[in-house]
Amino acid sequence: MSADTEEHGADAPGGDAGGANGAGGAPVSPRALARRRRAEALRRFAREYTRNRAGLVGLLALSAIVLLALSAPLLVDQAELTVTGAPGAAYEPPSAEFPLGTDNFGRSVLDLIIWGSRVSLTVGFLATVVSVVLGTLVGVTAGHFGASGGPAGRVVSSVLMRVTDWFLVLPTLVLAVALAAVLPRGTGTIIVAIGLTVWPATARLVRAQTLAVEARPFVERARALGGGHTHVMAWHVLPNVMPVVLAQTTLLVATSIIAESTLAFLGVGDPTTISWGGILEAARTAGAISSGIWWYMIPPGLAIAAVALSFTLCGRALESVINPRLREQR
């Protein structure tokens, strides 16, 4: 039995009287009742989220950016992104034909930004998945065995957290640059390098939440009824830490996108793909800063800032919805 069913079953929509019986007094199956309660929980979540104006603005902006990235093949001619197929002259200022000007090869900066959003968002999402999966696995395992694993479990928990602390004190950017430089160049390498460097914060957050869940009565009952470690972690602990993981995920996507842009700007990214960080690195190499070619430098930087801000607003809104204390202070 999950925490929501255990702790809120009495005041769930419909209660026992109306929830256990459908129209005309017909009994409702437990599965249908669970679906009804989940649907009501989602409706409550949507209502609370829409009341957060900053989160709603972030969600709308993020939806527009993702839609633009998905529509990039329809909006941009890939042939015009090559050096030989550039449609304009080098360093043309913004105009009706090129709203954000051209780069040193004569390619439209606007087209580069639209196309680069695909790589930047993909790396951000996939690197976050790697980080969140690793951090959640370590955090849940350390928290569970630290709370109910006995002496051997406490040793496992201590070892996992010391490894987490070791990664936590290492300079994230330096470690990511080292991994990206050692491994073969490519988008996959950037995803792995970022994912393996930003997971410790998630692990510590999930471990703290796991310890709080392990102290609840329904987990103790599950153990008393013979539930093993895997059963307790998978069916009782993990569902109750997922809201925290979800909020952390939205914040990590912004961090991952900035990390990808930083790695590309430092020249250790994938040189065969177009990303926002790659555009900034190409502008720096071409001397756009010293030449005063602002339209080559500022737009990709603003795009990175807009996506990071959108994800941050969504993450803060999720935190305020999930955490009742934050919801009261809003």
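As recorded in an unreviewed UniProt entry, the protein chain goes by ABC transporter permease and comes from Nocardiopsis tropica. Recorded in UniProt for the protein chain, the comment headed Sequence similarities (unreviewed entry) runs: "Belongs to the binding-protein-dependent transport system permease family."

## So, the overall build of the protein chain
Looking only at helices and strands, the protein chain features 16 helices and zero strands. Residue burial in the protein chain is summarised as follows: out of 330 residues, 40% are buried. Considering only contacts within the protein chain whose residues lie at least 6 apart along the sequence, 67% involve residues at least 24 apart. On the protein chain, roughly 16,800 Å² of surface is accessible, and the fraction owed to carbon and sulfur atoms is 66%.

## A few points about the pattern of salt bridges
Throughout the structure, instances matching the rule amount to eight salt bridges. We note a salt bridge from Asp103 to Arg107, for which the minimum N-O separation is 2.8 Å. In this structure Asp103 comes out as buried when scored by relative accessible area, which is 0%. In this structure Arg107 comes out as buried when scored by relative accessible area, which is 12%. We note a salt bridge from Arg284 to Glu281, for which the minimum N-O separation is 3.5 Å. One end of the pair, Arg284, and the other, Glu281, are both in helix 13 (residues 276-285), three residues apart, so they sit about a helical turn from each other.

## Things to note about the UniProt feature "transmembrane region" (unreviewed entry) in the protein chain
Here, the residues flagged by UniProt with the feature "transmembrane region" (unreviewed entry) are residues 54-76, 119-142, 163-183, 189-206, 241-259 and 293-318. Here residues 163-183 runs as 86% helix and 0% strand, with 22 Å between its end C-alpha atoms. The annotated region residues 241-259 carries 100% helix and 0% strand content, and the separation between its end C-alpha atoms amounts to 26 Å.

## A short note on the packing of aromatic side chains
The final tally for this structure, using the stated rule, is five aromatic pairs. Between Phe125 and Phe311 the ring centres are 5.7 Å apart and the planes differ by 75 degrees, which places this aromatic pair in the edge-to-face class. Taken together, the residues span a long stretch of sequence, with Phe125 in helix 6 (residues 109-148) and Phe311 in helix 15 (residues 294-322) at a distance of 186 residues. A relative accessible area of 4% means that Phe311 is categorised as buried. Between Trp166 and Phe167, the ring centres sit 5.1 Å apart and the planes meet at 85 degrees, which makes this aromatic pair edge-to-face. For Phe167, a relative accessible area of 22% puts it in the partly exposed group. What links up through ring pairs into an aromatic cluster is the set Trp166, Phe167 and Trp199. The residue whose ring lies beneath Arg118 is Trp115, and the NZ or CZ to ring-centre distance is 5.0 Å.

## Let's talk about the packing of helix 6 against helix 9 (residues 187-195)
At their nearest, the axes of helix 6 and helix 9 sit 8 Å apart, and the two run at 45 degrees to each other. It follows that helix 6 is oblique to helix 9 by the angle criterion. Read as a crossing pair, helix 6 and helix 9 show a hand that is right-handed. Within the contact between the two elements, helix 6 uses Val123, Leu126, Ala127, Val130 and Ser131 and helix 9 uses Thr187, Ile190, Ile191, Ile194 and Gly195.

## Let's talk about helix 12 (residues 229-265)
With 37 residues, helix 12 should cover 54 Å at 1.5 Å per step; its first-to-last C-alpha distance of 45 Å lies more than 12% under that length. Maximum bend of helix 12: about 50 degrees, positioned at Leu238, with proline Pro239 one to four residues after it.

## Examining the nonpolar core
Within the largest apolar cluster, 35 residues are counted, with the highest numbers of intra-cluster contacts made by Trp276, Tyr296, Val307 and Phe311. Mapped onto this core, the elements with two or more residues apiece are helix 4 (53-70), helix 6, helix 12, helix 13 and helix 15. Within the second largest apolar cluster, 25 residues are counted, among which are Val119, Ile191, Val198 and Val213.

## As for the packing of helix 3 (residues 30-50) against helix 15
It is the contact of helix 3 with helix 15, at a shortest axis distance of 9 Å, that shows an interaxial angle of 125 degrees. Judged by the angle between their axes, helix 3 and helix 15 are oblique. In this structure, the crossing between helix 3 and helix 15 has a hand that is right-handed. Across the interface between the two elements, Phe45, Glu48 and Tyr49 of helix 3 pack against Cys314, Ala317, Leu318 and Val321 of helix 15.

## Some words on a nonpolar patch on the surface
A surface patch of nonpolar side chains, amounting to about 370 Å² of accessible area, comprises Val130, Val182, Leu183, Val192 and Leu196. Summarising the element assignment, Val192 is placed in helix 9. Given the relative accessible area of 36%, Val192 is considered partly exposed.

## Some thoughts on the environment of Leu211
Tracing the backbone through its elements, the reader meets Leu211 in helix 10 (residues 200-214). Residue Leu211 is classed as partly exposed on the basis of its relative accessible area, which comes to 31%. For the pair Leu211 and Gly146, spaced 65 residues apart in sequence, the C-alpha separation works out to 8.0 Å.

Quick notes on the rules
Residues numbered from 1 in each chain as written. Predicted model: local features only at pLDDT ≥ 70, side-chain atom pairs only at ≥ 80, totals over all residues. Heavy atoms only, no water. UniProt positions renumbered as here; feature names shortened; annotations may be inferred. Helix = DSSP H or I, 4+ residues; strand = E, 2+ residues; numbered from the N terminus. Buried < 20%, exposed > 50% of the residue type's maximum accessible area, 1.4 Å probe, protein only. Contact = heavy atoms within 4.5 Å. Areas by Shrake-Rupley, 256 points an atom, 1.4 Å probe, with all protein chains shown as cover. Salt bridge = Lys/Arg side-chain N within 4 Å of Asp/Glu carboxyl O. Phe/Tyr/Trp six-rings, centres within 6.5 Å; stacked < 30°, edge-to-face > 60°. Lys NZ or Arg CZ within 6 Å of the ring centre and 35° of its normal. Axes fitted to C-alpha atoms, helices over the stretch in contact; angles between N-to-C directions. Parallel < 35°, antiparallel > 145°, perpendicular 65-115°, else oblique. Left-handed = near helix turned anticlockwise from the far one by under 90°. Expected span 1.5 Å × (residues − 1). Bend = angle between axes of the 7 residues up to and from the residue. Core = buried A, V, L, I, M, F, W, Y, C linked by side-chain atoms within 4.5 Å. Patch = residues over 30% accessible without salt bridge, like charges linked within 9 Å, V, L, I, M, F, W, Y side chains within 5 Å.

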